[in-house]
Each structure stands twice: as structure tokens, then as C-alpha cells.
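# Close look at the chain arrangement
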Amino acid sequence: MARKVLIVDDEPNIVLSLEFLMQQRGYETHVARDGDEALAEVERFRPDLVLLDVMLPRRDGFEVCQRLRAEGWSELKILMLTARGRDVEIEKGLSLGADGYVTKPFSTAELVARVADMLEGAE
Amino acid sequence: MTARLRLVLIVTALSVYVLVALVALAAAVSSDLGSVEREVLERVLRREASLAIFIGLLFLAGLAFVISLLFKQYVVGAGRLGREAELIAAANPSHRIEPSGPPELRAIAGAVNQLAGRAESGQEGIRAQIAAARVDLEQERNRLAALMSELTLAVLVCNADGRILLYNVAAKELLSRDGAAPSPVGLGRSIFAILDRSLVAHALERIGTADAATAASVHLAASTSGGLLLRVAMAPVRDREGEAAGFVLILEDVTETAETSLSRDALLRSLTEDSRSAVANIRAAVESMLDYPRMDADERQRFAAVIRHEAEALSERVEGAARQSAAQLADQWSLSDMLGSDLLTALQRSLERESGVKAEVGDAGHGLWLKVDSYALVRALGHIARSLHADAAVTRFSLDLGQAGRYARLDLGWEGAPLAEERLRVWVEEPLGNGGAGLASTVREVVERHGGEVFAPADAGAGTAYVRLLVPVAEPAAQRPRPAPVAASSRPDFYDFDLLRSSEENPERDEAELDKLGFTVFDTETTGLRPAEDEIIAIGAVRIVNSRLLRQETFDRLIDPGRPVDPASTRVHGISSEMLAGQPTIDEVLPLFARFAEDSVLVGHNVGFDLRFLELNEARTGVRFTQPVLDTLLISAVVQPEEEDHSLEAMAARLGVSVVGRHTALGDAILTGEIFLKQWRLLATLGLGTLGDVREAVRRSYLARVSESLYTG
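Residue numbering note: each chain is counted from 1, following its sequence as written. Note on labels: chains are lettered from A, ligands numbered from 1, in written order. Owing to the predicted nature of the model, reporting of local features is limited to residues with pLDDT of at least 70; listing and counting of side-chain atom pairs is limited to 80 or more, with chain, interface and lining totals taken over all residues.

### Quick look at the overall build of chain A
In DSSP terms, a helix is any run of H or I states spanning at least four residues, a strand is any run of E spanning at least two, and both are numbered starting from the N terminus. Scanning chain A from N- to C-terminus turns up five helices and five strands. When the helices and strands of chain A are read in sequence order from the N terminus, they spell out β-α-β-α-β-α-β-α-β-α. Residue burial is a threshold on neighbouring C-beta atoms within 10 Å of the residue's own C-beta, all placed from the backbone, with 20 or more meaning buried, 12 or fewer meaning exposed, and counts in between meaning partly exposed. The buried share of chain A, taken over its 123 residues, is 41%. Sequence-distant contacts in chain A: of pairs separated by 6 or more residues, those separated by 24 or more amount to 58%. A pair of residues counts as a contact when their C-beta atoms, built from backbone coordinates, are separated by no more than 7 Å.

### Brief notes about the overall build of chain B
When helices and strands are tallied, chain B shows 21 helices and 17 strands. Within chain B, buried positions represent 28% of all 713 residues. A fraction of 66% describes how many contacts in chain B between residues 6 or more apart in sequence connect residues 24 or more apart.

### Structural notes on the interface of chain B and chain A
At the junction of the two partners, chain B supplies 18 residues and chain A supplies 18 residues. For the side of chain B that touches chain A, the secondary-structure elements that each account for two or more residues are α6 (255-291) and α7 (297-331) of chain B. Counting residues per element, the side of chain B that touches chain A draws most heavily on α6 of chain B, which supplies twelve residues. Considered class by class, the residues forming the side of chain B that touches chain A number seven nonpolar, four polar and seven charged. Here the nonpolar group is Ala, Val, Leu, Ile, Met, Phe, Trp, Tyr, Cys and Pro; Asp, Glu, Lys and Arg are the charged ones; every other residue, Gly included, is treated as polar.

### Observations concerning the sheet that holds strand β5 (residues 100-103) of chain A
All names here are of chain A. Here, any two strands with at least 2 DSSP bridges between them count as paired. With parallel pairing, five strands are arranged side by side in an open sheet as β2-β1-β3-β4-β5. Both outer strands of the open sheet, β2 (28-32) and β5, are each paired with one neighbouring strand and no more. Strand-to-strand twist across the sheet, computed as the mean angle between neighbouring axes with direction ignored, equals 20°. Pairing of strand β4 (residues 77-82) with β5 involves four bridges; the strand directions are parallel. Only C-alpha atoms enter the line fits that serve as axes; for helices the fit covers just the stretch in contact. Angles between N-to-C directions range over 0 to 180 degrees.

### Some details on the sheet that holds strand β14 (residues 536-545) of chain B
Either a parallel or an antiparallel arrangement is found when strands of a sheet pair, and the pairing is made through backbone hydrogen bonds. All names here are of chain B. Pairing within the open sheet is mixed, and its five strands lie in the order β15-β14-β13-β16-β17. With one partner strand each, in any of the chains shown, β15 (548-558) and β17 (629-631) form the two edges of the open sheet. Across the sheet, the mean angle separating the axes of adjacent strands is 25° when strand polarity is ignored. Strand contacts of helix α16 (residues 607-616): β13 (519-526), β14, β16 (601-604) and β17, with the helix running at about 75° to β13, the strand carrying the most contacts. The strands touched by helix α18 (residues 632-639) within the sheet are β16 and β17, with β17 carrying the most contacts at an inclination of about 60°.

### Side note on the nonpolar core
Ranked by size, the top nonpolar core spans 62 residues in total, and within it Val521, Ile537, Ile539, Ala541, Ile559, Phe593 and Ala669 of chain B carry the most contacts. The element contributing the most residues to this core is helix α20 (residues 665-685) of chain B, with eleven residues. The residues contacting Phe593 of chain B, other than those within four sequence positions of it, are Ile539, Ala541 and Phe555 of chain B. Definition of nonpolar core: a set of buried Ala, Val, Leu, Ile, Met, Phe, Trp, Tyr and Cys residues joined via C-beta atoms within 7 Å. Counting residues in each nonpolar core, the second largest holds 41 residues, with Leu52, Leu56 and Ala98 of chain A together with Ala278 of chain B among its members.

### Here's the deal with helix α9 (residues 374-392) of chain B
By this rule the span expected of a helix is its residue count minus one, scaled by 1.5 Å. A rise of 1.5 Å per residue sets the reference length of α9 of chain B, with its 19 residues, at 27 Å; its end C-alpha atoms lie 26 Å apart and thus fit the reference within 8%. Every buried residue of α9 of chain B is accounted for by Ala376, Leu377, Val378, Arg379, Ala380, Leu381, Gly382, His383, Ile384, Ala385, Ser387 and Leu388 of chain B.

### Concerning the packing of helix α1 (residues 12-24) of chain A against α6 of chain B
To describe two helices that pack against each other, one gives the angle between their axes and the distance between the axes. In contact at an axis separation of 9 Å, α1 of chain A and α6 of chain B are set at 35° when each is read in the N-to-C sense. In this structure, α1 of chain A crosses over α6 of chain B, and the sense of that crossing is left-handed. On α6 of chain B, the residues that touch Asn13, Ile14, Ser17, Leu18, Phe20 and Leu21 of chain A of α1 of chain A are Ala280, Asn281, Ala284, Ala285 and Ser288 of chain B. A class-by-class count of the residues in the contact of α1 of chain A with α6 of chain B yields seven nonpolar, four polar and no charged. Handedness of each helix crossing follows the sense of rotation of the near helix against the far helix: counterclockwise by less than a right angle gives left-handed, clockwise gives right-handed.

### Topic: the environment of Gln403 of chain B
With respect to the helices and strands, Gln403 of chain B occurs in strand β9 (residues 396-404). Among residues more than four places away in sequence, those in contact with Gln403 of chain B are Gly365, Leu368, Ala408 and Val473 of chain B.

### Here we look at helix α5 (residues 108-120) of chain A
All names here are of chain A. For α5, spanning 13 residues, the distance from its first C-alpha to its last is 18 Å, which sits close to the expected 18 Å at 1.5 Å a residue. Among the residues making up α5, those that are buried are Thr108, Leu111 and Val115. Down the axis of α5, the sector holding all buried residues measures 60°, keeping them to one side. Residues of α5 that are exposed and point over 90 degrees away from its buried face: Ala109, Glu110, Ala113, Asp117 and Glu120. Think of the arc as the fan of directions from the helix axis to the C-beta atoms.

### Overview of the packing of helix α8 (residues 340-354) of chain B against α9 of chain B
Residues and elements named next belong to chain B. Two numbers describe how α8 lies on α9: the axes approach to 10 Å, and their chain directions differ by 45°. When the axis of α8 is compared with that of α9, the two are oblique. Between α8 and α9 lies a crossing of right-handed hand. In this structure, α8 contributes Leu343, Ala346, Leu347, Ser350, Leu351 and Glu354 to the contact, and α9 contributes Ser374, Leu377, Val378, Leu381, Gly382 and Ala385. In terms of residue class, the contact of α8 with α9 is made up of eight nonpolar, three polar and one charged. Here roughly perpendicular refers to angles of 65 to 115 degrees, roughly parallel to angles under 35, roughly antiparallel to angles over 145, and oblique to all remaining angles.

### Things to note about the pairing of strand β1 (residues 154-159) of chain B
For a regular strand, the rule is simple: side chains alternate between the two faces of the sheet. Of the two faces of β1 of chain B, only the one carrying Ala154, Leu156 and Cys158 of chain B is buried; Val155, Val157 and Asn159 of chain B on the other face are not. Between β1 of chain B and strand β2 (residues 164-167) of chain B, which pair antiparallel one after the other, the connecting turn spans four residues, and Gly162 of chain B there sits at a positive phi close to 85°.

### Section: the environment of Met289 of chain B
Residue and element names in this part refer to chain B. On the secondary structure map, Met289 appears in helix α6. For Met289, a count of 18 C-beta atoms within 10 Å translates into the label partly exposed. Counting along the chain gives eleven residues from Met289 to Arg300, while the straight-line C-alpha distance between them is 6.8 Å. Excluding residues within four positions of it along the chain, Met289 makes contact with Met295, Arg300 and Phe303.

Read these as geometric descriptors, not functional statements.
Here is the structure:
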């Protein structure tokens, strides 16, 4: 059964690449464009991993991450993506329950390897 | 016991004595006489009784008259001598006693005068010696003061209680920047009016705990109530035991720097973070295309579109950031005041040296103050001159300066045809070369930074042409003309029992010696003499700290009363209605005065009058003056009770204070302050050294006056 990845980002220009990469790797993908939508999609789509951008309209990535963990999604893998590269933000993301933190710009090969590791390495 | 009472007692005693002596004589004589003789005597006495009593009374009256004459001459005269000698000794060494009365007293007066003269010249000698000995010290102090005032750094020195002991001009200027007037900086004022008390305490603690070698000073960031952001360097002043006796503060206004750096931070952040996303998008797209070469044409097209879109957005962002940072640099551009002649000379020299052309400077405009960046202007004008030189072979120029309202015309002229506006437009847009002119890269920018203009007028006279630059002139310092005041009758006596009431019970302050207290000596001018109807039009005040009148720390404001000034009053203080138009109202000035007088004892002459006016504004302005008040008029009644005239002029003359600048609020305040300081010494001879003593003595003397006037009608 194919692994499911939810891509949460409001920029279509990165969503295009992320979706393409995940699909090439054989994952089933879904896209959410803001924080509220992300929460709803997790409920409906029940992904194995969320690629979560920090800067989102309405509810930012940190908040979404915190809410997901608070709602009991402990098995769900969360990989945060952000243009904010400061150490304190990485620390904040990991503290709020993210499993990984990738700063933009990133190498696509590394990102795919990271996602694969989180999804398949855990088996 | 007063002299009068003593006189009455003496005369009464004498009369009683004479009466007793007469009765005794009568008793002795009658016991010695036979019955016949006694009868004869009785008859004689009965017949002549009224005559005898009359003669007796006449004798007594004559005696009393002589005694009182002698008493007045010698005893009262001696009393007067004593008080005047005391005045010489305590307050006014140049006072001399007018010899009067009997020759003995005249002799004493002469001798006292002689002694006073000798003491005075002796004192002068000692003073001269002290002065000579202090010259070195003074010089050193002056050097320090000069150094301090020259420093562009703002420096304050405070004692351990946070009272300002020393400050320089830069500090006063810096702390007045937030529009706070009067300046919170002043000798003896509390630094905690400027900096948060806990912040200073925190810094002192840090200094105290750090070992002396590593932390000579600490740095703090502080914001003032007026919204300034300060960087404060603080270093302790230690006494011989190594205890902190005070601290030195070096202040730096970082408000602008902080704002600039904030917006620069924002710019930097938007550059990095926004660019990160864009670069990430591009990179992800490119890598996808490269790593998966078999993607179909349609998909490939979508990725390519992403790359182009993001790359375009990125270059726009970089462009925007460059513009923004240029604008930030422009904000730092500083125009400074410069004298016209200096600018012309600089231009002339630069044209001859840099551009190899001759420049003649016109006669006008040399005294004009301009607000310019001279370096940029020189570069800009040099560029135009060189262009003219290359284009039209102009080798001789003229430079002229003239004022046109808030702008100055700076004309670069030459003999030849006028310049076409199109050509000028090309030149002003050209890069200036050699790194531009400071922060501007074209003549246009230089002109814009000055808020000016540049053009080539076409209406030049025959054979001559010029390029004209408009640059701002510096604001002239505001001046306030005042007609010379005319001396006229002073204000009426105005007593207010309330001012003796201690409105702010402060036993500590009452026990303080006068020289330990801060005083604000003030005076007001008004539209007229009726507090209920008239209004304050001027407040002048000066501070006394550590027994010194601080002439550099004054308060001097005119106030628009919103009603015409009584012409009779104008003759006294020289302030007319026209002068008050546009001045601030009492609502604005009174809070400022309250701030100036904060934490000090108020002093005034016949101050009840002024207080009544302040009080009547209390409800409207919400400003209350609750500090203790002293009245030099009432003090005068304590220290010189025998004098009749307690007006400022009379007191000044008696105490040897020279009178200058009377009948301006500030002039009268300063005079009152000087008189007040002289009165201290007289108060000291009466054993009145503390504020409480003086207030009590004034109260009693005032009561004495009131009760006396009750009995005498």
C-alpha cells in the first residue's frame, strides 16, 4: 500500500516540485494551502507524513504542528519546511513536535532521501 | 523687653520714688512740728494745695521729658547702632552707619565705620589672597569645563543619590531633543526624572559586584519618557575608601540609529527569507527536471514556467531592496549650517583646482547662513562647470549668492549663450564619477537631497548666462524684542495667610539646613493687579542649589492671556498685547513651570500675589504647587523689623545687591534670589538655620504684624 504524503504550502511554485518528487518516489500525495486546510486534510486523508511549510496563511506551520500533536497524531511524521533558517526557529519547530526541519533552499535529492528515511526507515 | 516698655518703667519708677520721698519728708516734718505749727502748715497747705500739686506734676513731667529725651538719644540710638553694626557684620560689609544723635554716639558710629572699613579692606585682602591661591585650581576647573563643553559626547555626573553634579551642553541638548521643556537637566536635579530609577540601580549593582579591573563601566539601553532611545555608558566615581560616591553617565542618542538598523534588519530579513523561498522553488524545479529527464513535455513546460516566474520575482526583489537601502542611506544624509562666504570660497577653490577653470566670487550673500552639504554641492557644481567647459569652452565663471525667501540662489554664471534646458537635464542625470558626491550619484540627487532645484534661466541679460541652484537657508534663531521697561509703582502688598500653612508636611525638609535645599525663586507678570480678573503673562524663575544662584538654569516664558493687557501694566513690565500673540497659553506653560520647580522650595517677593494667580489656574490646568513657600518680604520683616520699606529696591539697597534688569519676570526673580541669599546670613545671626526655623519665625512675625494692626486699628 502506497505511503501517503500531505504537502502543506501556499506557494504553487514549490508545490509543483514537491508533488512531482513525492509521486516519482511512489507516494500518494495531497495538497493543503493553509493551516486550517492542513488540519482538515490530515483528518480526512490520514497521511503518514506531512511536509509542512512554516509561513502559511491563517494558521502558521508551528501552530498546525502543535495542534496535530495535541490532537493525538503521535504516529504522524512531520517534516517542516521553511525559509526561516535561524537556529531558534529550528529549535522551536522540533520542540513543538516536528520530526525534522528543512530550510529553504534545499537539495531535492536530500529531501526525498529524508522523507524516504522517515517513512521507510521506521519499518 | 522693648525700649519703649523700659522707658515707661523707668519713668514710672522715678515718679513713684519722688512720691515716696515727698511722703517720707512730709511724715518726718509733721512728726517734728508742734500742734500750732502743724495747724498753720495745714492751713497753708490747704490753701496752696492745687498750686503745690501743679508744681509737683510740672516737675515730674519735666523730669520725664528729659529722661525720655536722653533715652531716645542714647538708648534707642545705641540700639540702632547695634543693628546696623550687625548688618555690616553679617550681610553687607559695605554698609556704613549714618552718624546722628549725641556726639558720643556719633563717635561710636564713626569708630564702627572705621572698623568696618578696615575689616572690609582686610577681607578684601584675604579674598585677594584666596583668589590668587585659587587661580590654579580655577584654571584646571576651566580646562575641565572647556573640555566638557567641547565634547560632543553628552556627559552627566551624579552623586550617589542621583542628583546631577555636573553636565555639559551636549547632555542638555540631547535630553531636550524629545521636546521636553524646560530641560530636565539641571544642577541638583534628579537623574531619575530622565532615567528609570531601577535601571540605574541595576547598573550600579552590576558595577558593585563586578571586580574593578574587568568592569570599569557598564552599558545600558534606556528610553526616556519623551521617546528617546539612549545608549548609556555608566562608570562609578569612587571615594577614597573605594565606595561609590556617584557615577558618570555618557549618553548617546541612538533613536535614529536604532530605527535605521531596525528597518535595515527588516530589509535584510525580507531579502534572505523571501529569497530563500524563491531559490528553493527554482532549485527544486531545476533538480526535478534534471533528475527525471523522462518527464513529458507538458510537465517540463510547467517546471520551466516556475523557474522563469521565480527568477523574475527574485530580480525584482533584489532591485527593490537596493532602492530601499539607497533611501536609508539618503536618510543619513546630513545638511549642516554653513556661512555663505565659506561655501563660495570652497566652490571657487574646487572649480579652480578640480576643473581648471577661473571663478570669480560676487559680493553678495556672504553673510547668509545656508543649510547644505557643501561637499556634495561642490561636486555637483563642478560637474556642471566641467560640462560647460567641455561643451561650450567656457573657462571663466562667476559665483553669486542671494536670498529668495527660505531659499538661497546659487548662480554659476558665464559669458555666452544661455544653456538649453535639455542639455542641463542631460548633465544633471549623468553620474558624477569618482564615486559620486558622498551618497548622491548625480547632480539631480544632490539637488533633491537639499529639497532644492536646478535650472538654467532663459531670461539672462545680453551675453551672460547662468545655471541656478536653489538651496535652503538656515533658520534664523528666534529673537524676541522687548521694549525697555519703565519703572512705575510696584504691585500692592498682598498677604495670604494660606501660604504659611504647611501644605506638604515634610519634617525632614523642615529640619534641613537652608544650604542643603533647592529653591526655585520666581516672579510673574500679569495683565493687571486683580487676581480674580487678570491673567499671568510671564513667568520667570531661577534656581538656587547649594547656596548658589544658577543663572544658566532659568525659566523665562511669555504667556498669551487671551485678553488685552492693561496699558498701565504694560508701562511697568514692558509687555504689550502684541508681544503675547502666538505665545503658548497658561495651560501649556504651567505644567512646564511645575516641572522646573519640582522638588524645590518656592521663593518669591510678596509671593502671595503670585500664588493667588497660580492657585486660580489650579482647577483648569490641574497643576498644584504643594511645596513649601518662602516670602522674601516676610523674611525681611523678620530680619530687619525696624525698617519700614520692604520693597525689592529698598532691600537691595540695604543688602548691597545691585539692581539690573528689573520688571521682567526673570530679572525680578534673579534679584529676589540674590536678596534671599543675603537674608540667609541675617537669619543665621538670629539663630534661624533650617527651613522649619525660618517658616516658624516668619509665621510668628506675621502674627505679630496682624495682632499689632488689630490693636492699633
